[in-house]
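Here are the chains, one letter per residue:
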Amino acid sequence: MKVAGPVAELRAALSIDRVRDAATELSLYRHDASHLEGAAVAVCFPVSTADVQACVQIANRHSIPFVARGSGTGLAGGAVPPEGAIVVSTTKMNRVLSVDPIGLRAWVEPGVLNLDLTRHVARHGLHFAPDPSSQQTCSIGGNVANNSGGPHCLSEGVTAAHVVALEVVLPDGAVVVLGGEDPEPPGYDLRGVFVGSEGMFGIATKVCVRLTPDPPAVCTMLMDFDSVEAGASTVSAVIAEGVVPAAMEMMDQLCLGAVEAYVHAGLPVDAATALLVEIVGLPHGVERDAEIVRRIAGEHGVRHVRVAADDVERALLWKGRKSAFGAIARIKPNYYLHDTVVPRRELPAVLAKVYAIAARHDLLVLNVFHAGDGNLHPLLVYDAREPGVMERVEAAGEEIVRVSVEAGGVLSGEHGIGLEKRDLMPLLFSPVDLEAQATARAAFDPTGLANPGKVLPSPARCGDVMTTVPEGAWI
Amino acid sequence: MDLSAFADEVGEGDPVTITGLRTRGGPVPGVRVVGAPAGIDWIQPAEMTVCCGAGTMVAELDDALLAHGQCVAIPPAGTVGGALAVGRSGVRRLGYGPVRDTVLQIRYVSAAGEVVKAGGPTVKNVSGFDLCRLLVGSRGTLGFLGEVILRTRPRARYEQWFCGPVDPEIALGRLYRPVSVLWDGTTTWVLLEGDERDVEAQVGSLDLQAADGAPPLPTGGRWSVAPGAFRELTGEFVVEVGVGVVHHAEPPPPRAVDPAVVALHERLKAGFDPDGRLNPGVDVLAA
């Protein structure tokens, strides 16, 4: 019984009911929302920093890897447990600890759900700006690990811009505060490099977030076009004109049809593409920017402009955008969601290539994405029961990543690298670049026990405990 | 931009220090000095990005972006590389955010004399660890910045400073996202931008008059306090309300640093610069 030691120690440190190792329970934690799988030795549910610290110390004592896990909504395999790892679930650490409505700060535990935080501070006229599509279920700790984005990150920036301090259990078990409530903490921006480190630099146990005031005026417009190119060109032209909407989201025809059948929002199902644009701010500024957007859309042949008359209609239009992933089940039972970024000006050309790649592999592709950021989310839909389909899905996926990088883009805009894109990192980074990233990782985690085998292609570091690549990973 | 000449100049053996225009302290005395290349590689107005050598003057970058109605949120004076290496924001931080959030990609020369790329050229990117944020504010102790890609922002259609005896917290609470709120213990200054009618409507409810600009800032010390702690300040100061940067006549009080954080700094420095040859003697924790 090689594992009896750590599990018994974990139970002694936490409590019996907060350390699970039954086969049925472990199987629930084999994967996140990706297609990749690992195998944990125990799943722990700490309720305090001291609990997390105990988990990490026990992992160190036994030289076994550990992986922090929020809600498990990650799409790149970042929370897939390395073989034999301790899973540290933060779901029971879900309190909002304090809110400062004047200083626009809140201290929260990592298991607080993204949308719950916004609901909690709504009475102060505030919200947490990063709003991933999974915001009802994803946790703040997961947002920190992945540096998550969302539609409204076009004007507000991603999670790194909204986290000012972190209490962290470092991989050696030390508890430190990185960053600070004050604006210029001494030394390196350790907070900044921790955000987005995918659980490989330690486990965040408290997060100090920056809150954003709700805008006094909002204008939400749905505009539809006869061609994807016209919609994409509108996006570039709006930004070039000096208008930065809060969000600019695009849906293509296949997606519009699926979503309309699901939410009945009156979406333009006959259009080639629709653009959801939201402008926020003070009333005159919003009105002026909305006029500019409408003029530019007109110059690009917009067919209709639907302006949300009230909050109910606005919520309906957003529901359409945010339910896309549920709606596609009407087309095929399975989907593979991709995430790359390209320069905005390359959107029309890269989208054309995405359609061609899907066609070549005999797959259906839907596009629903953050057009304002150039952040593509092609959804390859398929039926996993069809023999050989996964090979085609994976081949198409890798081609999509390659054409994005070739167009001057990057591997991921918000899902992260995890296991999924780990071995594609050399498309973007030289060995020297990757060695620098491994150096940062080694400074935080000299023994390599914190979520080893993610992000950096092997063998980036001999200290890392390497896992085998799970089935389904692109390699 | 070809950084090979800069990389050769940095070399890989002897101690070396870097300087721009010496606006923010200059090089380490007694050590061989290098400078980063200057010049704007490209501006992409529709991407809201700009690429330039770290030795480029901030003023030159500002002028070039003005033609496109854009700007970068880094404080004026000196070089781009100097501003990023020091990492201190200007008085518009409340509205524009910290300097580190403007940086998308950095190509730097490592202690081994190699050109290393961190980050990526797009406004959104989570591909790999965020070394850009580690480099901003690292004062040339981890690598020497060679070329950067920055995120630009649209220049405001209209902006106006105001001042008056209004309580700064009331100003901060009532105004929608002011660009700056400054307070010297008695008077509050605010900077608003956007549509002129909105700006007028915003100040209408507060005891504020149009002002020519920000007040003179004391230069004895730059303090960093939690935004909620500004009421406790004494002496001659101007505080950035809602941010916590204090421009004070006196040097800042010493700050204790957690030994585990010190150890993390030492491991990072040892990893990136094993021989301690880059800006030797510069202590980022003491800065």
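Preceding this paragraph is the structure being described.
What counts and how
Residues numbered from 1 in each chain as written. Chains lettered and ligands numbered in written order. Predicted model: local features only at pLDDT ≥ 70, side-chain atom pairs only at ≥ 80, totals over all residues. Heavy atoms only, no water. Helix = DSSP H or I, 4+ residues; strand = E, 2+ residues; numbered from the N terminus. Rg over C-alpha atoms; globule rule 2.2 N^0.38 Å. Contact = heavy atoms within 4.5 Å. Areas by Shrake-Rupley, 256 points an atom, 1.4 Å probe, with all protein chains shown as cover. Lys, Arg positive; Asp, Glu negative; His and termini not counted. Charge placed at Lys NZ, Arg CZ, Asp CG, Glu CD. Buried < 20%, exposed > 50% of the residue type's maximum accessible area, 1.4 Å probe, protein only. Axes fitted to C-alpha atoms, helices over the stretch in contact; angles between N-to-C directions. Parallel < 35°, antiparallel > 145°, perpendicular 65-115°, else oblique. Left-handed = near helix turned anticlockwise from the far one by under 90°. Nonpolar A, V, L, I, M, F, W, Y, C, P; charged D, E, K, R; others polar. Pairing = 2+ DSSP bridges. Buried area = accessible area lost by both parts, 1.4 Å probe. Salt bridge = Lys/Arg side-chain N within 4 Å of Asp/Glu carboxyl O. Polar contact = N/O pair within 3.5 Å; in protein donor to acceptor, adjacent residues only side chain to side chain. Arc of directions from axis to C-beta.

A count of helices and strands for chain B gives eight helices and 16 strands. In terms of C-alpha radius of gyration, chain B reaches 20 Å, essentially the compact-globule figure of 19 Å for 287 residues. Along the first, second and third principal axes, the C-alpha atoms of chain B reach 60 × 45 × 35 Å. By sequence separation, contacts in chain B at least 24 residues apart represent 65% of the contacts at least 6 residues apart. For chain B, the accessible surface area stands at approximately 11,200 Å², while carbon and sulfur atoms represent 52% of it. Mean positive and mean negative side-chain charge positions of chain B (25 and 34 charges, respectively) differ by 4 Å.

All names here are of chain A. Phi angles above zero are rare outside glycine, and Asn-147 is one such case at about 50°. Structurally, Asn-147 can be placed in the loop between α5 (140-146) and α6 (153-156). The backbone of Val-455 sits at a positive phi, close to 65°, despite the residue not being glycine. Its place among the elements puts Val-455 in the segment after α15 (431-444). Assessed through its relative accessible area of 1%, Val-455 is described here as buried.

Moving on, we come to the packing of α15(A) against helix α8 (residues 259-272) of chain B. For the pair α15(A) and α8(B), the least separation of the axes is 8 Å and the interaxial angle reads 150°. Classed by the angle they form, the pair α15(A) and α8(B) counts as roughly antiparallel. Seen from above, α15(A) lies across α8(B) with right-handed handedness. Judged by residue contacts, Ala436(A), Thr439(A), Ala440(A), Ala443(A) and Phe444(A) of α15(A) engage Leu264(B), Arg267(B), Leu268(B), Gly271(B) and Phe272(B) from α8(B). In terms of residue class, the contact of α15(A) with α8(B) is made up of seven nonpolar, two polar and one charged.

On to the sheet that holds strand β8 (residues 144-151) of chain B. Residues and elements named next belong to chain B. Spatially, five strands are ordered β3-β4-β8-β6-β7 in an open sheet, and the strand pairing comes out antiparallel. Each end of this open sheet is capped by a strand with a single partner; those strands are β3 (40-44) and β7 (115-119). Within the sheet, the average angular offset between the axes of one strand and its neighbour, ignoring direction, is 10°. The pairing of strand β6 (residues 103-109) with β8 spans six bridges and is classified as antiparallel. Of the residues in β8, the one forming a bridge with Val-109 is Phe-144. Packing of helix α2 (residues 58-66) onto the sheet brings it into contact with β3, β4 (49-53) and β8, and relative to β3 it is tilted by some 35°.

Time to look at the interface of chain A and chain B. Each side of the interface is counted separately: chain A has 88 residues, and chain B has 68 residues. At the boundary of chain A with chain B, total buried surface from both sides reaches about 6,300 Å², with 59% on carbon and sulfur atoms. Looking at the side of chain A facing chain B, the largest losses of area belong to Pro183(A), Glu184(A) and Tyr188(A), adding up to 13% of the total buried there. Linking chain A to chain B there are nine salt bridges. At the junction of chain A and chain B, the tally comes to 27 residue pairs in polar contact (both at pLDDT 80 or more). Those elements that place two or more of their residues in the side of chain A that touches chain B are α6, β9 (175-179), α7 (190-194), β11 (212-213), α8 (228-240), β14 (273-281), α10 (283-299) and α15 of chain A. The leading source of residues in the side of chain A that touches chain B is α15(A), at nine residues. A per-class count over the side of chain A that touches chain B returns 48 nonpolar, 24 polar and 16 charged.

Oppositely charged side chains may form a pair once their charged atoms are brought near each other. Tallied over the full model, the rule gives 43 salt bridges over all chains. Note that Asp14(B) is salt-bridged to Arg277(B), the shortest N-O span being 3.6 Å. Residue Asp14(B) is found in the loop between α1 (4-10) and β1 (16-18), and its partner Arg277(B) is found in the segment after α8; the two are separated by 263 residues along the sequence. With relative accessibility at 33%, the residue Asp14(B) sits in the partly exposed group. Residue Arg277(B) is classed as buried on the basis of its relative accessible area, which comes to 2%. Linking Glu147(B) and Arg107(B) is a salt bridge whose minimum nitrogen-to-oxygen distance equals 3.2 Å. Of this pair, Glu147(B) sits in strand β8 while Arg107(B) sits in strand β6; the two residues are 40 residues apart in sequence, bridging distant segments of the chain. Residues participating in the shared-partner salt-bridge network are Asp224(A), Asp226(A), Asp270(A) and Arg303(A).

Before going further, it helps to examine the pairing of strand β15 (residues 237-240) of chain B. Residues and elements named next belong to chain B. Side-chain alternation along β15 places Phe-237 and Val-239 on one buried face and Val-238 and Glu-240 on a second face that is also buried. Pairing between strand β11 (residues 180-183) and β15: two bridges, direction antiparallel. Residue pairing across strands places Leu-182 opposite Glu-240, the latter belonging to β15. The sheet contact formed by β15 and strand β16 (residues 245-248) spans three bridges and is antiparallel. For Val-238, the partnering residue across the bridge sits in β16 and is His-247.

For the rest of this paragraph, the subject is the side chain of Ser139(A). Residues and elements named next belong to chain A. Looking at where Ser-139 falls in the secondary structure, it is placed in the loop between β7 (126-127) and α5. Residue Ser-139 is classed as buried on the basis of its relative accessible area, which comes to 3%. A distance of 3.1 Å separates a polar atom in the side chain of Ser-139 from the backbone nitrogen of Gly-142. Excluding residues within four positions of it along the chain, Ser-139 makes contact with Gly-70, Ser-71, Pro-110, Gly-111, Val-112, Leu-113 and Asn-114.

A few words now on the side chain of Thr17(B). Residues and elements named next belong to chain B. Within the secondary structure, Thr-17 sits in strand β1. We classify Thr-17 as buried; its relative accessible area is 0%. From its side chain, Thr-17 meets the backbone nitrogen of Val-28 in a polar contact 2.9 Å long. Ignoring anything within four residues of it in the chain, the contact list for Thr-17 reads Pro-27, Val-28, Val-31, Arg-32, Val-33, Val-34, Phe-144 and Asn-279.

Here we take up helix α7 (residues 196-204) of chain B. Asp198(B), Val199(B), Gln202(B) and Val203(B) are the residues of α7(B) that are buried. Relative to the axis of α7(B), the buried residues are bounded by an arc of 125° and lie together on one face. Residues of α7(B) that are exposed and angled more than 90 degrees away from the buried face: Ala201(B) and Gly204(B). In this structure, the buried residues of α7(B) make contact with α10 of chain A together with β10 (159-164), α6 (168-174) and β12 (188-193) of chain B. The backbone nitrogen of Arg197(B) has a side-chain oxygen 2.9 Å away, supplied by the residue at the start of α7(B), namely Asp195(B).

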